[in-house]
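Listed below are the residues making up each chain.
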Amino acid sequence: MVAWYQFKKRNPRRGRLGMFIFWTFIPQCLVRPIGWLFFRLQFTGAGKIPQEGPVLLLVNHQSHMDPALLGTFNWRRGFRALARRHDSKFWHWVLDTGYDCIWLKRDESDIGAMRAALSELKAGRVSAMFPEGRRCDDGAIAPLKRGAFLLIKRSMAPVMPV
């Protein structure tokens, strides 16, 4: 099991300060207490995520807070998210610095991004994907994009719906 302070094992491409801010301080010291205090937010099933080996997290994307909530839920193992390039420079910086995103091209297939995600999974790391390709404000599940099926089929990694 990886201790909370062993940042490099969770994401070898990020520095200790960035990992502390985005994987420990924000999820555990801000998001979790605020979520519990105001919304009575509870996380169940976090123990079902394997502590070793590859894992593909498929997440229903409903708000801008989803990556931080996912970091709170999955804080023992950092994940590398697949994301579309964001128009906002601030959100692009947050996603790139905090979550080391694999950037997808908008509205087209991106073979390079799929290869990068497959190499992350083959290296035994966690990848998170929002398979609908956009936020769903009403909570309904939109049709999944083909890339999700490609990663599931080719990676042979356990899939965890979140």
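Residues numbered from 1 in each chain as written. Predicted model: local features only at pLDDT ≥ 70, side-chain atom pairs only at ≥ 80, totals over all residues. Heavy atoms only, no water.

1. Considering unusual backbone geometry
Next, step 1: With phi around 55°, R40 is a residue other than glycine that occupies positive phi space.
Next, step 2: Relative to the elements of secondary structure, R40 occurs in the loop between α2 (16-39) and β1 (55-58). (Helix = DSSP H or I, 4+ residues; strand = E, 2+ residues; numbered from the N terminus.)

2. Overview of the nonpolar core
Next, step 1: Formed by 19 residues in total, the largest nonpolar core has its most connected members in L57, L70, F79, Y99 and C101.
Next, step 2: Residues L58, L104, A117 and L121 belong to the second largest nonpolar core, which totals 14 residues. (Core = buried A, V, L, I, M, F, W, Y, C linked by side-chain atoms within 4.5 Å. Buried < 20%, exposed > 50% of the residue type's maximum accessible area, 1.4 Å probe, protein only.)

3. Some details on a positive patch on the surface
Next, step 1: On the surface, R115, K122, K153 and R154 cluster together to form a positively charged patch.
Next, step 2: Of all the secondary structure elements, the ones that give two or more residues to the positive patch are α5 (111-122) and α6 (146-155).
Next, step 3: Within the secondary structure, R154 sits in helix α6. (Patch = residues over 30% accessible without salt bridge, like charges linked within 9 Å, V, L, I, M, F, W, Y side chains within 5 Å. Areas by Shrake-Rupley, 256 points an atom, 1.4 Å probe, with all protein chains shown as cover. Salt bridge = Lys/Arg side-chain N within 4 Å of Asp/Glu carboxyl O. Lys, Arg positive; Asp, Glu negative; His and termini not counted. Charge placed at Lys NZ, Arg CZ, Asp CG, Glu CD.)

4. Regarding helix α3 (residues 66-73)
Next, step 1: Burial analysis of α3 places seven of its eight residues in the buried class, which makes it a mostly covered element.
Next, step 2: For α3, the set of buried residues is D66, P67, A68, L70, G71, T72 and F73.

5. Considering the sheet that holds strand β3 (residues 102-104)
Next, step 1: In space, the five strands of this open sheet follow the order β3-β2-β4-β1-β5, with parallel pairing throughout. Every other strand in the sheet has two partners, leaving β3 and β5 (159-161) as the edge strands with one partner each. Across the sheet, the mean angle from the axis of one strand to that of its neighbour is 25°, orientation sign disregarded.
Next, step 2: By the bridge criterion, four bridges tie strand β2 (residues 79-84) to strand β4 (residues 126-129) in an arrangement that is parallel. Counted as the bridge partner of F79 is V126 from β4.
Next, step 3: Lying on the sheet, α5 is in contact with β1, β2, β3 and β4; it crosses β3 at an angle near 155°. (Pairing = 2+ DSSP bridges. Axes fitted to C-alpha atoms, helices over the stretch in contact; angles between N-to-C directions. Contact = heavy atoms within 4.5 Å.)

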